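Letter by letter, the chains look like this.
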Amino acid sequence: MTASPATRTPGLRRFVTERAPQPERCELCTVTVPADHRHLVDTEKRALVCACAACALLMEQPGAAAGRFRTVPARYLTDPAHRLDESAWDTLQIPVGVAFLFRNAALDRLVALYPSPAGATESELEPAAWTEVLGGSRLAALLEPDVEALLLLRRADGHCECHLVPIDVCYELVGRMRLLWQGFDGGAEARAALDAFFTDVARRARPVAEGARP
């Protein structure tokens, strides 16, 4: 005999009742955080950590948590005076059309990451290549280790875009591309999402001369 809804046991009800989505919480103090919450970088685990506004502000102070957690800044910058082309891309030896570059402070090395169907693919950058392509850029001089990245896009006409961005938006892009990727080249939906992402970054970015920390 099939049990009616009124006579089902609590043990069965948990399989047939939709659960409300769990709110995100600050991973330091466990308070509930909004959808647009800040992030920290856990430099020991090389991982992003959700944070409330108070904890994000606390971790901006020198010496907080012995430097383990660093607050991801909110600034977006561009340098109109520094132009990149296909020769620069070839020097960096990046095999795809989009990548983000950052400095890993703990390992004291430069890293390039780029989206792929499997997530973020990592490639170590040669210091000489970094110096040749980006050494004269004001963005590279301002780049904060671990928490910011230089986001690069190679356009079909050979022009390359470069923006200084919070590192969490780069991992957001990686996740979006992994979700949407189809076939060999990503597919139309992934390309449209990539274009929309860079349009939003360009809208947020301010010229580096105006780039005081918000």
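Residues numbered from 1 in each chain as written. Predicted model: local features only at pLDDT ≥ 70, side-chain atom pairs only at ≥ 80, totals over all residues. Heavy atoms only, no water.

It is worth spelling out the packing of aromatic side chains at this point. Inspection of every chain in the model, using the stated rule, returns two aromatic pairs. Ring centres of Phe100 and Tyr171 lie 5.4 Å apart, and the angle between their planes is 80°; this geometry places the pair in the edge-to-face category. Of this pair, Phe100 sits in strand S5 (residues 98-104) while Tyr171 sits in helix H6 (residues 167-180), and the two are 71 residues apart along the sequence. Geometrically, the ring pair formed by Phe197 and Phe198 is edge-to-face, given 5.8 Å between the ring centres and 80° between the ring planes. Phe198 gets classed as buried once you look at its relative accessible area, which sits at 1%. (Phe/Tyr/Trp six-rings, centres within 6.5 Å; stacked < 30°, edge-to-face > 60°. Helix = DSSP H or I, 4+ residues; strand = E, 2+ residues; numbered from the N terminus. Buried < 20%, exposed > 50% of the residue type's maximum accessible area, 1.4 Å probe, protein only.)

A few words on unusual backbone geometry. At Arg46, a residue that is not glycine, the phi angle is positive and equals roughly 55°. By the secondary structure assignment, Arg46 is in the loop between strand S1 (38-42) and strand S2 (47-51). Residue Arg46 is classed as partly exposed on the basis of its relative accessible area, which comes to 42%. In this structure, Asp146 takes a positive phi of about 75° despite not being glycine. Considering the arrangement of structural elements, one finds Asp146 in the loop between helix H5 (138-142) and strand S8 (148-154).

Ranked by size, the top nonpolar core spans 27 residues in total, and within it Phe100 and Leu151 carry the most contacts. When contributions to this core are tallied by element, the ones reaching two or more residues are S5, strand S6 (109-116), S8, H6 and helix H7 (187-204). With seven residues, the top contributor of residues to this core is H6. Every residue in contact with Phe100, bar those within four places of it in the chain, is listed here: Val111, Ala112, Leu113, Ala149, Leu150, Leu151, Ile167, Cys170, Tyr171 and Val174. Core analysis: the second largest hydrophobic core is formed by 24 residues, Trp89, Ile94, Ala99 and Leu143 among them. (Core = buried A, V, L, I, M, F, W, Y, C linked by side-chain atoms within 4.5 Å. Contact = heavy atoms within 4.5 Å.)

Any functional reading would require information that these geometric values do not contain.
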